[in-house]
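Examination of the molecular architecture
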Amino acid sequence: MTGTAVPIVMRRAGDDRLSSALYFLRRNPRMIIGGTIVLAWLFVAAFAPFIAPYDPIKVVPTDSLIPPGPTHWLGTDDLGRDVLSRVMWGARVSLSVGVISVSIGLLVGTSLGLAAGYLGGKFDLFVMRGIDALLAFPALILAIAITSALGPQIQNAMIAIGIVAIPAYARLTRGQVLAVRAREFIVAARTIGASPLRIVMRHIFPNVMNALIVQATLSTAFAILAEAALSFLGLGPQPPYPSWGQDINYSQRYLSNLKWWMSVGPGVAIFTAVFAFNFLGDALRDALDPRLRRSGS
Amino acid sequence: MTTYILRRLVLMIPVAFLVTIGVFALARLSPADPVIVFAGEDRDPVVLAAIRRDLGLDQPVPVQYVAWLSRAMQGDLGRSFQTKQKVSEAIIERLPATFELGLAALGISITFALVIGILSAIKRNSFVDLLSSSITLMGVSFPTFFLGVLLILLFAYVIPGRIFPPGGYVPLTTDVSENLRRLVLPAVTLATASLALNLRQVRSSLLDVFGHDYMRTARAKGLRERTVIVRHALKNALIPVVTLVGIQIGAIIEGAVITETIFFWPGVGRLAVQAIPSNDYPVVQGVVLVSAFSFMLSTLLVDVLYAWIDPRISYDTAAA
């Protein structure tokens, strides 16, 4: 009997990871669609100075109110400024407000949630009443109040939206901490003498990560929408600097002349950016939540 | 029940206290000196000192807070720097317009959410279900102000005959038909965002209820499908929807801020927006305080209502 030699295929771990990532993406088309649009907007925001066809704030009176066409794909406004260039530069404002305000909310909210959940007692009570007080304000009203108090500037809009985002992270993190605090591996870490900081950072925080990633993606969508709303109300970046919300507000005075392109460009930009982050967030939630994965919903 | 309500009220006190501190602190964050804003053109130091004294701004901050709080608790929210009108009066004057807009929007939102939500849950993966998913997805991502602008463009300028005017308000008591004509576009605009949330809630609650044993029992008893859905499924599925709608009623002012601005609707939201450029902080402060408290009260009412309409919730566990 001649034995047939079975070839042993040595597979590298990297190949496995790549194929499982591809398999995962194939099963989650929403992640591909959302992720692609998000990446496209990030690219536009990062390279706006190089890819925008015109200077977004340069006034060209001879090019006033040109409808969309080959020279100006999204038309021009009453001052002859190219709408496409303003939309591209506006992406820098919207996405930077989105990322920075979400970072503020994430950092402060997660720290408070971790500390409140782990320490418990009076600290927990005090922090959570503060969070309840923040939640008592309707989100947009609070953002408007903070921005109007601090002054209409992009930095203040970031701070305002960041503060509004804090409660969601704090509650989410605290809930997750309470869920894992009594688990065996935490008790074991405590038994071997790990410090509270080490327990929180090395053992509890990784368990909260998935939920935080999902929350961060969804709250970026909210932050872009909130920034656009603040800009629409004149509480974001000030003219002549481009901002999607402010440009829509400005376009209103030309609606009666049917100069629709001035509002459609920035409006579609806001919609696609918010839609992409919402879509990506929903897909991530489905993918990272083991209960949803099992149910296949 | 009474114990539960009292317990919720007691729990609300520290939160309400923190909210008042927050609202008071917000006004003090402003870099603009309220005395200069109030004085307008008059920069005479004697006049400025008198105004500072009159406004109580020469007192230590904690004293100012206590004075402000005690006045606010009696309904006195100060006077507008711009118009010198009492802030509480200005808010009360504009509340009917805001409520009219908010309730009309909520009516549209609930009606469409129920009809489309029920149909999409009954006929899963059908055209209606696809429509429902699209509305949900678009509604949460579409900026209200962009929708408002598109509706104005379409109905006031593109379609001949100006079916609906681009903005403005006529009181209901003056001319009912003109009031309703001007209400349509802002109400539809405002309804869209909440429609997405309500629709998702109706559909998912119904799908959840459909999986329960009592639904199978109802069908096994030979009840008509209509009775099964209306009497058994909907009754239970609408409990979370009631919660959501209750919270939306409390957030009417928030929702109306943008819509009122686009459509020149003279409500509370527009009052706050108009006060911002002139640093008229008593007005902004008043609107923020009123909207925060209406939001808190609606949350409380929803909790109580939830415990009352759902017999499975015992007051003890709900309170815990």
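Here is a short report on the structure shown in this document. (Residues numbered from 1 in each chain as written. Chains lettered and ligands numbered in written order. Predicted model: local features only at pLDDT ≥ 70, side-chain atom pairs only at ≥ 80, totals over all residues.)

1. Topic: the overall build of chain A
The helix and strand inventory of chain A stands at 11 helices and zero strands. The order of helices and strands in chain A, counted from the N terminus, is α-α-α-α-α-α-α-α-α-α-α. Reported as C-alpha extents along the three principal axes, the dimensions of chain A are approximately 80 × 75 × 30 Å. Across the 297 residues in chain A, those meeting the buried criterion constitute 46%. For chain A, the share of sequence-separated contacts (at least 6 apart) that also reach a separation of at least 24 residues comes to 71%. (Helix = DSSP H or I, 4+ residues; strand = E, 2+ residues; numbered from the N terminus. Buried ≥ 20, exposed ≤ 12 C-beta atoms within 10 Å, placed from the backbone. Contact = placed C-beta atoms within 7 Å.)

2. Some remarks on the interface of chain A and chain B
At the junction of the two partners, chain A supplies 36 residues and chain B supplies 36 residues. Residue assignment for the side of chain A that touches chain B shows that the elements contributing at least two residues are α4 (121–136), α5 (139–150), α8 (196–232) and α10 (261–288) of chain A. With eight residues, the top contributor of residues to the side of chain A that touches chain B is α5(A). Residue classes in the side of chain A that touches chain B are distributed as 25 nonpolar, nine polar and two charged. (Nonpolar A, V, L, I, M, F, W, Y, C, P; charged D, E, K, R; others polar.)

3. Thoughts on the packing of helix α8 (residues 176–210) of chain B against helix α10 (residues 225–250) of chain B
Residues and elements named next belong to chain B. Between α8 and α10, whose axes approach to 8 Å, the crossing angle comes to 155°. The pairing of α8 with α10 is recorded here as roughly antiparallel in orientation. In this structure, α8 meets α10 at a crossing whose hand is right-handed. Two secondary-structure elements touch here, α8 through Ser 194, Leu 197, Asn 198, Gln 201, Val 202, Ser 205, Leu 206, Val 209 and Phe 210 and α10 through Ala 233, Asn 236, Ala 237, Pro 240, Val 241, Leu 244, Val 245 and Gln 248. Its residues assigned to classes, the contact of α8 with α10 shows 11 nonpolar, six polar and no charged. (Axes fitted to C-alpha atoms, helices over the stretch in contact; angles between N-to-C directions. Parallel < 35°, antiparallel > 145°, perpendicular 65-115°, else oblique. Left-handed = near helix turned anticlockwise from the far one by under 90°.)

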